[in-house]
Amino acid sequence: MSPQMNEIETTVLIVGGGPVGLLGAQLLARRGIKVLVAEKYPQRVDSPKAHALNPRSLEICAAAGLPMEDIHAVATCRDDGGYVWMMETLSAPPIGSIAYERQDDAVRAVTPWPLINIAQPQFEEVLERAVLAQPGVTLLRGREWRNSLQLTDGVTSSLQDRATGEVLKVRSRYVIACDGAGSTVRESLGIAMDGPEGLANFMTIHFEANLRSILGDKLGILYFLFGPGLNGTLIAYDMEKTWVLMHPCGPDSTPEDFDEATCRAAVAAAVGAPVPDLQIKGVKGWKMSAQIARTYRDGMVFLAGDAGHRFPPTGGLGMNTGIGDIDNLAWKIAAVEAGWAGTALLETYESERRIIAQTNMGQSLANTFRLGSLFEALGYGADRTVDEATYRTRLADPESRTRIDEAVAFQKDHFDSLRLQLGFAYGDALRDDDTLPISQFTPKCVVGARLPHVELADGRSTLDLVDPNGLTLIAAAESGDLTSLADGLRAPSVQWTEGADFAVSGEAWSVRMGLEPQSAVLVRPDGHILAIMTRSGADEARRLAETLSAYLGAPVDAILTGTA
């Protein structure tokens with residue numbers, strides 16, 4: 001007897017209910033787009049997985065209307081998650097430490113939302129509550145995507161209930177694959193992944209224990225373990241409860257090889273002391289890869305997040321890059337659906353986001369290789385092992401100790417990547433900055449870059465001026481009739497003029513942005529700068545129309561009134 005089949009229609013089908021898929025539903029629903037999210041697991045997977053939300057991701061969350069107080073309420077305390085430690089075991093004297101990203105209030109000069117550490121399930125829980133409160137969103141758990149057929153008027157997909165076998169046919173105009181590194185949607189499309197797949201193999205041991213008393217003042221988020229014993233990485237999502245041990249293993253290892261006794265022994269070896277309250281919560285294998293999908297799109301099916309790229313975890317860039325993906329794609333789909341952009345706009349998704357993934361993957365790889373300097377300083381051989389005598393001698397010898405300290409300090413770019421997080425741009429405007437250390441970030445008001453954050457006199461940010469549903473014209477105080485351009489835009493738009501609609505303390509906003517006092521900046525719904533106008537008049541209006549026409553994929557006379 002064949003499974004029962006039902007049918008449903010929606011505008012966008014999102015395959016995968018992880019952070020990228022759920023955020024996509026939130027971003028689209030707030031723009032009036034009907035969304036169905038299909039998640040194959042019947043309930044949220046409680047393995048902590050990703051742990052860092054960087055400033056740009058948090059800015060996107062705030063712009064998406066997520067409850068930021070709820071996100072911060074379940075985040076790791078800043079005092080607990082501010083450092084990375086290099087150690088032999090948690091009980092041994094530290095080899096060295098380094099600050100983990102810039103989480104202090106000083107970074108608020110460039111962003112209203114400093115980086116936080118948060119276990120992925122807790123972030124997903126906040127996301128899911130927000131998404132389910134949105135009209136027009138349907139979340140189906142326990143539904144596994146089976147196939148899609150692209151037709152001239154959309155995409156027909158089959159979702160199977162994993163419990164009953166019931167098949168649901170979904171008709172949508174778009175499909176967004178957010179189904180992770182092993183994306184079945186991507187594989188069905190035959191989209192290849194470029195780059196090495198098996199850089200290293202690990203077994204993730206998720207455990208619960210209160211290790212605060214063992215750590216003492218060695219509080220941090222990451223603990224890299226070196227020496228003749230167990231080498232791996234401990235992640236402290238909550239040092240009084242939630243931990244993960246990244247245990248190196250062979251390519252043929254399976255979770256069955258890591259039974260309860262093996263896992264308990266591994267945790268004890270990493271801690272360097274008995275752990276009486278230890279509870280093993282789960283074990284999962286994973287393969288470190290550095291790959292990017294050859295294309296992010298097939299017709300009206302798009303890849304986002306890990307479905308489009310796999311990074312080494314060194315740098316915490318995987319989930320954050322996925323959040324940037326869906327932020328870029330969501331407004332473009334909404335603009336096409338609303339009729340103020342042509343379908344050619346969708347082609348810019350891959351051209352803008354794939355190069356960001358390449359940059360972030362390159363940095364993730366560089367971070368992995370950067371750790372090699374510490375292995376070398378500690379006396380490791382080519383096989384990445386070190387004998388007891390060599391290791392102890394290196395730690396005790398003053399000259400070797402100097403090299404070890406230098407190797408620890410050399411990890412700075414691994415854990416201080418503010419420019420990578422906030423300073424990326426779509427296009428070539430900031431390519432010269434690529435030669436600078438990724439810790440050096442100076443916000444710039446240029447086409448393609450994120451609109452720089454400047455605190456307004458009322459305590460808000462210039463980022464809060466950006467309209468997520470259309471274009472935003474932010475004009476300097478002497479821009480004159482440039483502000484009338486906003487009224488002529490056929491796209492939804494808002495305008496803000498310095499002095500009349502907003503104010504900043506100290507130097508004028510235009511001066512801080514390096515702009516002339518008669519300039520104006522046109523900003524996309526995702527907060528990136530689309531155009532900068534430096535003069536008024538019909539010629540400027542025509543130039544703006546041509547710029548928007550080329551980008552939005554719409555005729556000039558469909559961009560501005562009175563320009564045909």
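### Here's the deal with the overall build of the protein
Alright, step 1. Helix and strand content of the protein: 16 helices and 26 strands.
Alright, step 2. Computed over the C-alpha atoms, the radius of gyration of the protein is 25 Å, within 12% of the 24 Å expected from 2.2 N^0.38 for a compact globule of 564 residues.
Alright, step 3. Dimensions of the protein, computed from the C-alpha atoms along their principal axes, are close to 80 × 70 × 40 Å.
Alright, step 4. Within the span of the protein, comprising 564 residues, buried residues form 56% of the whole.
Alright, step 5. Within the protein, contacts between residues at least 6 apart in sequence are counted, and of these 68% link residues at least 24 apart.
Alright, step 6. A total accessible area of about 22800 Å² is found for the protein, and carbon and sulfur atoms account for 50% of it.
Alright, step 7. Taking the 50 positively charged and 72 negatively charged side chains of the protein as two groups, their mean positions are separated by 3 Å.

### Comments concerning the sheet that holds strand β5 (residues 83-87)
Alright, step 1. Across the sheet, seven strands lie side by side as β6-β5-β15-β16-β17-β14-β18; this open sheet has mixed pairing. The sheet is open, and its two edges are formed by β6 (96-99) and β18 (279-288), each paired on a single side. Ignoring strand direction, the axes of neighbouring strands in this sheet form an average angle of 20°.
Alright, step 2. Here strand β16 (residues 233-238) pairs with strand β17 (residues 242-248) via five bridges, running antiparallel. When the sheet's bridge partners are listed, Ile 235 is paired in β17 with Val 244.
Alright, step 3. Lying over the sheet, helix α7 (residues 260-271) contacts β14 (200-208), β15 (222-225), β16, β17 and β18, oriented at roughly 85° with respect to β18.

### Things to note about the nonpolar core
Alright, step 1. Ile 71 and Ile 176 are the most contacted members of the largest nonpolar core, which totals 91 residues.
Alright, step 2. Ranked by the residues each element gives to this core, the list is headed by helix α8 (residues 318-338), at ten residues.
Alright, step 3. Not counting the four nearest positions on each side in its chain, Ile 71 is found in contact with Leu 53, Leu 58, Cys 61, Leu 66, Ile 116, Ile 118, Phe 123 and Val 126.

### Quick notes on the packing of aromatic side chains
Alright, step 1. Scanning the model with the defined rule gives 14 aromatic pairs in all.
Alright, step 2. Seen in terms of ring centroids, Trp 331 and Trp 340 are 6.2 Å apart; in terms of plane orientation they differ by 20°. Their pairing is stacked.
Alright, step 3. Exposure remark for Trp 331: the relative accessible area of 1% places this residue in the buried category.
Alright, step 4. The class of Trp 340 is buried, set by a relative accessible area of 10%.
Alright, step 5. Clustering of aromatic rings is evident, with ring pairs tying together Tyr 100, Phe 224 and Phe 415.
Alright, step 6. Between Arg 353 and the ring centre of Phe 424, over which it is positioned, the NZ or CZ distance is 5.8 Å.
Alright, step 7. Seen from the ring of Phe 410, Arg 370 lies directly overhead, with NZ or CZ sitting 4.2 Å from the centre.

Here is what the cut-offs are and how they apply
Residues numbered from 1 in each chain as written. Predicted model: local features only at pLDDT ≥ 70, side-chain atom pairs only at ≥ 80, totals over all residues. Heavy atoms only, no water. Helix = DSSP H or I, 4+ residues; strand = E, 2+ residues; numbered from the N terminus. Rg over C-alpha atoms; globule rule 2.2 N^0.38 Å. Buried < 20%, exposed > 50% of the residue type's maximum accessible area, 1.4 Å probe, protein only. Contact = heavy atoms within 4.5 Å. Areas by Shrake-Rupley, 256 points an atom, 1.4 Å probe, with all protein chains shown as cover. Lys, Arg positive; Asp, Glu negative; His and termini not counted. Charge placed at Lys NZ, Arg CZ, Asp CG, Glu CD. Pairing = 2+ DSSP bridges. Axes fitted to C-alpha atoms, helices over the stretch in contact; angles between N-to-C directions. Core = buried A, V, L, I, M, F, W, Y, C linked by side-chain atoms within 4.5 Å. Phe/Tyr/Trp six-rings, centres within 6.5 Å; stacked < 30°, edge-to-face > 60°. Lys NZ or Arg CZ within 6 Å of the ring centre and 35° of its normal.

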